[in-house]
Amino acid sequence: DISTSDMVDLSKTLADNAVPAVLIFARLSSAIALRAGAASASQLTTVAVAFSEVRLADRHLFPRLAQSAVKQVHVFGSTELPSFLAAFATVGMCHEVLLTAAANALVANAAKFAALDLALVAFAYAQFFLVFPPIVSMLQKRLPSCAGELPPVRLAELSVSCARLMVHEPSLAATMARCIDMRGLSSPLFGLASRSLALLGIASAPRVQE
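Residues numbered from 1 in each chain as written. Predicted model: local features only at pLDDT ≥ 70, side-chain atom pairs only at ≥ 80, totals over all residues. Heavy atoms only, no water.

Undergrad: Provide a residue-level description of unusual backbone geometry, including the pertinent values.
TA: Phi angles above zero are rare outside glycine, and phenylalanine 129 is one such case at about 55°. Even without being a glycine, methionine 166 presents a positive backbone phi close to 60°. On the secondary structure map, methionine 166 appears in the loop between α9 (152–165) and α10 (170–179). (Helix = DSSP H or I, 4+ residues; strand = E, 2+ residues; numbered from the N terminus.)

Undergrad: With reference to specific residues and values, describe the packing of aromatic side chains.
TA: The tally for this structure, following the rule as stated, stands at 4 aromatic pairs. Consider the rings of phenylalanine 76 and phenylalanine 84, whose centres lie 5.3 Å apart with planes at 45°: the pair is tilted. The two residues phenylalanine 76 and phenylalanine 84 agree in class, both being buried. Ring centres 5.2 Å apart and planes at 65° place the aromatic pair tyrosine 125 and phenylalanine 132 in the edge-to-face group. Residue classification places tyrosine 125 among the buried positions, given a relative accessible area of 1%. Three or more aromatic residues joined by ring pairs form one cluster here, namely Phe62, Phe76, Phe84 and Phe88. (Phe/Tyr/Trp six-rings, centres within 6.5 Å; stacked < 30°, edge-to-face > 60°. Buried < 20%, exposed > 50% of the residue type's maximum accessible area, 1.4 Å probe, protein only.)

Listed below in structure tokens is the structure:
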């Protein structure tokens, strides 16, 4: 019999090494889903991220992970909760009960989040166009001081999230205009970022004009 901890570690190892083992993930999914209620916040995060990295939107597993997370949402670490929520968004699994429960915990820990954590939070809600005023307010207060720390591609992705969530803040817009290098974006992201920057009141990023 394999322990929950071993199953969690195995899912992470498979994802980290890009192992195309759909059958193994399927068996892991069934086993982990049965034990999700007893899994820790760290274990829930590891499993969700692992499945999202291999783009497996398991409709049996993810709801079980969400149900367990809702019961312990306030014990997730400052990097764990944003990563956990972003994993759901990555595979297109919208769990509004989870996102609603997480909102208060996120706002309560706003000061602890680094730029990447905030970007993941924005992505988690924006992917489903869910505008939660407390989340929007938190992003407007925290992002201007740290968004410039993000790599240009991640900042371009953040611009898409901000446009969807209606996060409008002049100094944040200025950072995006200054730091986003449109030439380094993939075609799909270029199109999304261009439209998003326009919605945010930025006609074009300086590096587009060179």
